[in-house]
Amino acid sequence: MKKTAKLLALVLALVLVVSAFTGCGGTTVSSSTAPASGASGSGTSGPDISEEVTLTMYLIGDRPVDNDKVFEKINERLKEEINATIDVKYMSWSEYEQKYPLIFASGEDWDMIFTADWCFYNAQASKQGFWEITPEALETYAPMTAESMYPEAWEQAKVDGKVYMLPMNYQELTAYVWMARGDLMDKYGIESLDTFEGAEQYMQAIVDNEPSMIPLDVGSDYDRQFVFDLLWNVKSYARDDGNYAVLPPVNLITCVQENDPEANVMSTLDADIFMDTLNTVKDWRDRGFWSRNAVVNTQNNTESFQAGKSALAVMNINTAKSLYATLQAEHPEWDVRVFDAMNGAPATIQSYLANGMSIFSKSKNPERALMALDYLRNDEICHNLFCYGIEGVHWEAVGDHGLKSLPDSSNYAYDSNCNWGVRNDQFWRTVEGGIPNSEELTENWKETARSGRYITFVFDDSEVKNEVAAISEIYNSDYKLLQLGFTDDPAGDVEKLKAKLDAAGVDVLQEAFHTQAQAFLESHPE
Amino acid sequence: MKRSKHPFLQDLKENRIKWLMLLPAAIVVILMCYIPMGGIVLAFKEYNYHDGIFGSPWVGFKNFEYFFQSGKAWSVTRNTILYNLAFLCVNTVLQITCAILLSELAGKWFKRITQSVMFFPYFISWVVVGAFIYNMFNFEFGAVNTFLRSLGLEPVDIYSNEAVWPFILIGVSAFKNVGYGTVMYLASIMNIDGQLYEAADLDGANMWQKIRHITLPGIRPTVVILFLLAIGTIMKGDFQMFWQVTGNNPMVLEVTDVIDTYVTRSLLQLQEFGMTSAAGLYQSTFSFLLVLLANKLVKKVEPDYALF
C-alpha cells in the first residue's frame, strides 16, 4: 500500500514538473534561436528578378484599418516592376521596445524593418543585425536612391564606417507642442498655453474641477521623459554661458556644455539646471498633474488624450499633425487646440537618422528588399500610397505640395503609418486644413531651429559594456522616477543616485565619453 | 523471478506501459530543457545576430562582471530566495489545510464545487491578475481608494509603498496556487487506507487525533517530494507573476525585483544576450547546488524519501 502511495505521489510530482517546465524557456529565450545559416549576401552580379519573392516588412504602430487595401496597390506596382510583393507586420507602440530586439534573435524569416537612431539602429547595427548597404549595392539595386540620397544622410548613417540604413530623404523639424481641449479651456477661461504659466493654470483648473480626468496622463514608456526633456531644454537654452547637450544614448545620462572646446562631459545630475528642472516636475506631480501611478501606466499620453481621459498631451509637432486631423473627425466638440510648448527654446533640426529603413542581416533576399525600398522611397506612386494612402479614397491632391484628407483617412491617416522611413522631400505634401496655427508655429521655429553640435555623435560602448549595463539599469529605475518627479526629498535622492552612479563606474564611462567627444570635436569642426 | 542479463531491458519489457506513460514527459524535458542547455555557451560570448550562438566570439568571464557591478546581484538573489521560501511555506500550509478540510467534508456536491472553484484561479493568466491588481490599487480610480473615499477616509498610495508588496505578492501567489496543490494533497489523502480510519474509529479517536496520526503521516511522502522539487526552483522567481503584478514598477523595485525580472529588464534594455545568459547561468548553478544539498539532507533524515 505504501509503495503505491509513493508511486502515485511520484507520478503526481512528475505531472507538476512537466507543467512547470512549460515556463522553462524563460531565461533561455535566446538559446532556442537557430544558429547562423551561412553568409547572407549571395554573389549575383546584376538584378535578377526572375523568381517571385514575398518580402516581410516590420513596422511600428497599430495596423491601420486599410493597410491591406493600400499594400494591395503597392504590391501591384512592385510586382510589375521588381517581381516582389510586401507583407507588412506591425508591432504596437506599447510592445516595440520588447519585441524589436527579440525578432532579430527569434530565427523568424523576415526582410525589412523600420529603424531610427531612437529605435535601436546603433545597437542592432553593432550586433550585426542589419545587412550592410555598400555603395556598390546601392548603385546596383537602388539606383534612384543612390541619386537622390542627401550626402550628409549617408555620412550620418555610418556605424564604424559601414552603412546599414537608408535614412529618410526628408528634413524634419521637431519641437514639442501641447495639445489641449478648447472646450475645457473656454470653460475655465484659459487663453493660451504658450507659456508654462498658462499650461500650469490649465492643468490646475482640471485638477480642481474635473475629478474624473487626469490633466496630463504621461505614461511610463517613451513619453515619460517628454516633460522633463522639455523643461530641461528651456532652462538649458536660457543659460547665459551656453546650453547643455545630452549625449546620445540618453540612457547613459551624460551631458556636455555645447560650447566647451574641451568637451568636459558630466552626469546630467551635475548640470546646474538639473535641480531646477527636478523641482518643477516634482511640483507638477505633487499638484496632481499626472497620475500617482504614472510609473506603472503603460498607455502613453496621446492615447489617453484621444480616449478623453486626460485634458492635455505633450508630443512633437509631427505627431500632433496627424492626431489633430483624427481628433477633428472623431471629436469636433472638443475643439482641439495646439500650442507651442517650446517657451523660447529652439526647435531641433532632426538628424536624418530620426527615421529610416533597414534590411535584416539574415534576410533571404536582401537585394530584392533593397530594390523594394528603392521603389517605396523614390517611386512617386509607391511613396504616396505608403505615406498618404490611396488617392481619391484617403486623400486628394491640392496643388503640387498640398493634400486634403478625405473622410476615409481615419482608416489610413496621413503620414502616420510608420511610413516615416521612406519620406521623400521630392514628393512631400502637407495637409491642408490641418492645425490652423501650423504656419505660425513653423515660422517661429524656422528662425531659431538648429541641429545640436553633437547630433551625429555616436558613442562606441564596446570597452565599457559593464558600466553601460549598470548605468542603464539606474536610468530605467531611479532616474525614471526623478524624470516624473517622484521624490519627496529631491536633494537627498539626487545624492543617493550619485552614489549609485559612482558604484556603477560612472567615472570609467565618462572617461570614455570624454575621449570620444574630444575626438568628435576635432573631426567635426564647426 | 528469473533475472535477465540486462535488468534495464527486462524492466523495459515488463513495465512497458509505465515507460510509455513516461515518454511524453521525457520528450518535453529533453526538448525544452536539455537541448536549450547548449545555449549556456552564450554566457561566455559576445553575441551578435549574424554569427549566431555558436559563431560569436568568446569573451571569458567578462559577461559575469556586469551582474555584480550593477550592485544588484545581492538584492535580487535575496529577494528571489526569500519570496520563494515564503511562497513555499505559506502555500504548503494552506494547501494541506484545505486538502484536509475538503477530505473531512461530507457533502459530495459541495466538495466538488469548492474544489473546482479553488482550482479555477490556476488558469487565470498573470496578465489578467496584474490588471486586477492595478484596478484595485491604482491611486486615482482604483476600487480600494474609491471605497475609502466614499467612506470619507484618506486614499492610500499602494504603488509607492514598499512595505505592502511582499504581502500582496504572497497573497496573489496563494490565490493562484493553493487550489492546484490542494488537489494533489487531496489525491494523496484519498489514497490512505480506509481501514486505518475505521480502526481508529473503533478505538474512539476523534477527528483531530485521526488527522494528526493518520492523515498527516500518510501524506508525508508527497509533502517531502513536492518540497524537494520546490527547493530546486527556489532561485527561480515566477517571472510572469513578478513582472505583471508589480507592473515593473520602479518605485518598489528594491523589494520586488527577482533575478528573472532583472535579467529580462536588462535584456530588453541592452540586448546583451551574453550578459543575461551569464545571470541565468549563475541562477541555474545555484539552483543545482541547492537541489543536491536538500536531497542530501533528506537522505540523512529519511533515506526512503530522497529523490536520488
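Residues numbered from 1 in each chain as written. Chains lettered and ligands numbered in written order. Predicted model: local features only at pLDDT ≥ 70, side-chain atom pairs only at ≥ 80, totals over all residues. Heavy atoms only, no water.

When its secondary structure is counted, chain B shows 16 helices and 0 strands. Seen through its principal axes, chain B has C-alpha atoms that stretch 75 × 70 × 30 Å. In chain B, of all internal contacts separated by at least 6 residues, the share reaching a separation of at least 24 is 65%. Looking at chain B as shown, the accessible area adds up to about 16,600 Å², and 70% of this sits on carbon and sulfur atoms. Within chain B, one finds 23 positive and 21 negative side-chain charges whose respective centroids are separated by 11 Å. (Helix = DSSP H or I, 4+ residues; strand = E, 2+ residues; numbered from the N terminus. Contact = heavy atoms within 4.5 Å. Areas by Shrake-Rupley, 256 points an atom, 1.4 Å probe, with all protein chains shown as cover. Lys, Arg positive; Asp, Glu negative; His and termini not counted. Charge placed at Lys NZ, Arg CZ, Asp CG, Glu CD.)

Looking now at the overall build of chain A. Helix and strand counts for chain A stand at 19 helices and 19 strands. Relative to the compact-globule value of 24 Å for 526 residues, chain A shows a C-alpha radius of gyration of 25 Å, a close match. Dimensions of chain A, computed from C-alpha atoms along their principal axes, come out at roughly 85 × 65 × 60 Å. Each of the 526 residues in chain A was classed as buried or not, and the buried ones make up 55%. Partitioning the intrachain contacts of chain A with sequence separation of at least 6 by distance along the chain shows that 77% fall at a separation of at least 24. (Rg over C-alpha atoms; globule rule 2.2 N^0.38 Å. Buried < 20%, exposed > 50% of the residue type's maximum accessible area, 1.4 Å probe, protein only.)

Confidence in the prediction for chain B averages 86 pLDDT; 98% of positions are at 70 or higher. Overall fold confidence (pTM) sits at 0.76, and the ipTM for the predicted complex is 0.71. (pLDDT = per-residue confidence, 0-100.)

A word on the pattern of salt bridges. Residue and element names in this part refer to chain A. Within this structure, the stated rule accounts for 34 salt bridges over all chains. In this structure, Arg337 engages Asp186 in a salt bridge whose closest nitrogen and oxygen atoms are separated by 3.0 Å. You can see Arg337 sitting in strand 14 (residues 336-340) and its partner Asp186 sitting in helix 8 (residues 182-187), a full 151 residues away along the chain. Arg337 gets classed as partly exposed once you look at its relative accessible area, which sits at 21%. (Salt bridge = Lys/Arg side-chain N within 4 Å of Asp/Glu carboxyl O.)

What follows deals with the UniProt feature "transmembrane region" (unreviewed entry) in chain B. Residues and elements named next belong to chain B. When the UniProt feature table is mapped onto this chain numbering, "transmembrane region" (unreviewed entry) sits at residues 20-44, 81-105, 117-137, 163-187, 217-235 and 273-294. Taken as a whole, residues 20-44 contains 60% helix and 0% strand, while its terminal C-alpha atoms sit 38 Å from one another. Segment residues 81-105 splits into 96% helix and 0% strand. End C-alpha atoms: 36 Å apart. (UniProt positions renumbered as here; feature names shortened; annotations may be inferred.)

Moving on, we come to the sheet that holds strand 18 (residues 402-405) of chain A. All names here are of chain A. The mixed open sheet is built from 3 strands, whose spatial order is 17-18-19. One side of each edge strand has no neighbouring strand; the edge strands of this open sheet are strand 17 (395-398) and strand 19 (430-431). Pairing geometry for strand 18 and strand 19, over 2 bridges, is parallel. The partner of Leu403 across the bridge, within strand 19, is Val431. (Pairing = 2+ DSSP bridges.)

Sheet faces and side chains relate simply in a regular strand, where the side chains alternate between the two faces. All names here are of chain A. For strand 1 (residues 53-60), the buried fraction is high: 7 of the 8 residues fall into the buried class. By the bridge criterion, 8 bridges tie strand 1 to strand 2 (residues 84-91) in an arrangement that is parallel. Residue pairing in the sheet places Met57 in a bridge with Val88 of strand 2. Regarding the hand of the β-α-β motif, the stretch spanning strand 1, helix 2 (residues 67-82) and strand 2 is right-handed. Taken together, the 2 bridges between strand 1 and strand 3 (residues 112-115) define a ladder with parallel strand orientation. Residue pairing in the sheet places Met57 in a bridge with Met112 of strand 3. (Right-handed = clockwise from strand over helix to strand, strands pointing away.)

All names here are of chain A. Here 5 strands make up an open sheet; going across it, the order is 2-1-3-16-6 and the pairing mixed. In this open sheet, the two strands that pair with only one neighbour each are strand 2 and strand 6 (165-167). For this sheet, the mean inter-axis angle between neighbouring strands, taken without regard to orientation, is 25°. Together, strand 1 and strand 2 form the strand contacts of helix 2, whose direction differs from that of strand 2 by roughly 150°. (Axes fitted to C-alpha atoms, helices over the stretch in contact; angles between N-to-C directions.)

Next up on the list: the confidence of the model for chain A. Mean pLDDT over chain A works out to 86, with 91% of the residues at or above the 70 mark. Within the model, the stretch residues 10-45 of chain A combines pLDDT values under 50 with 52 contacts to residues more than four positions away or in other chains.

Looking now at the packing of helix 9 (residues 165-190) of chain B against helix 13 (residues 239-246) of chain B. Residue and element names in this part refer to chain B. Between helix 9 and helix 13, the least distance of the axes is 11 Å, while the angle of their chain directions is 125°. Classed by the angle they form, the pair helix 9 and helix 13 counts as oblique. Helix-helix and strand crossings are classified by hand; for helix 9 and helix 13 the assignment is right-handed. Within the contact between the two elements, helix 9 uses Trp165, Leu169, Val172 and Ser173 and helix 13 uses Met241, Phe242, Val245 and Thr246. (Parallel < 35°, antiparallel > 145°, perpendicular 65-115°, else oblique. Left-handed = near helix turned anticlockwise from the far one by under 90°.)

Turning to the side chain of Arg423 of chain A, a few remarks are in order. All names here are of chain A. If you trace the backbone, Arg423 turns up in the loop between strand 18 and strand 19. Classification of Arg423 by relative accessible area gives buried; the value is 3%. With residues up to four places along the chain from it excluded, the contact list for Arg423 reads Met168, Asn169, Tyr170, Glu172, Asn355, His383, Asp415 and Trp428.

The next thing to look at is the packing of aromatic side chains. One pass over the structure, following the stated rule, counts 56 aromatic pairs over all chains. Plain terms: the ring middles of Phe104 of chain A and Tyr49 of chain B are 5.2 Å apart, the flat faces sit at 35° to each other, and that makes the pair tilted. Here Phe104 of chain A is found in helix 3 (residues 96-105), whereas its partner Tyr49 of chain B is found in the loop between helix 2 (16-34) and helix 3 (52-55) on a different chain. Residue Phe104 of chain A is classed as buried on the basis of its relative accessible area, which comes to 1%. Ring geometry for Tyr49 of chain B versus Phe273 of chain B: centroids 6.0 Å apart, planes at 80°, classification edge-to-face. Of this pair, Tyr49 of chain B sits in the loop between helix 2 and helix 3 while Phe273 of chain B is found in helix 16 (residues 273-301), placing the two residues 224 residues apart along the sequence. One cation-aromatic arrangement involves Arg149 of chain B over Phe139 of chain B; the distance from NZ or CZ to the ring centre is 5.7 Å. (Phe/Tyr/Trp six-rings, centres within 6.5 Å; stacked < 30°, edge-to-face > 60°. Lys NZ or Arg CZ within 6 Å of the ring centre and 35° of its normal.)

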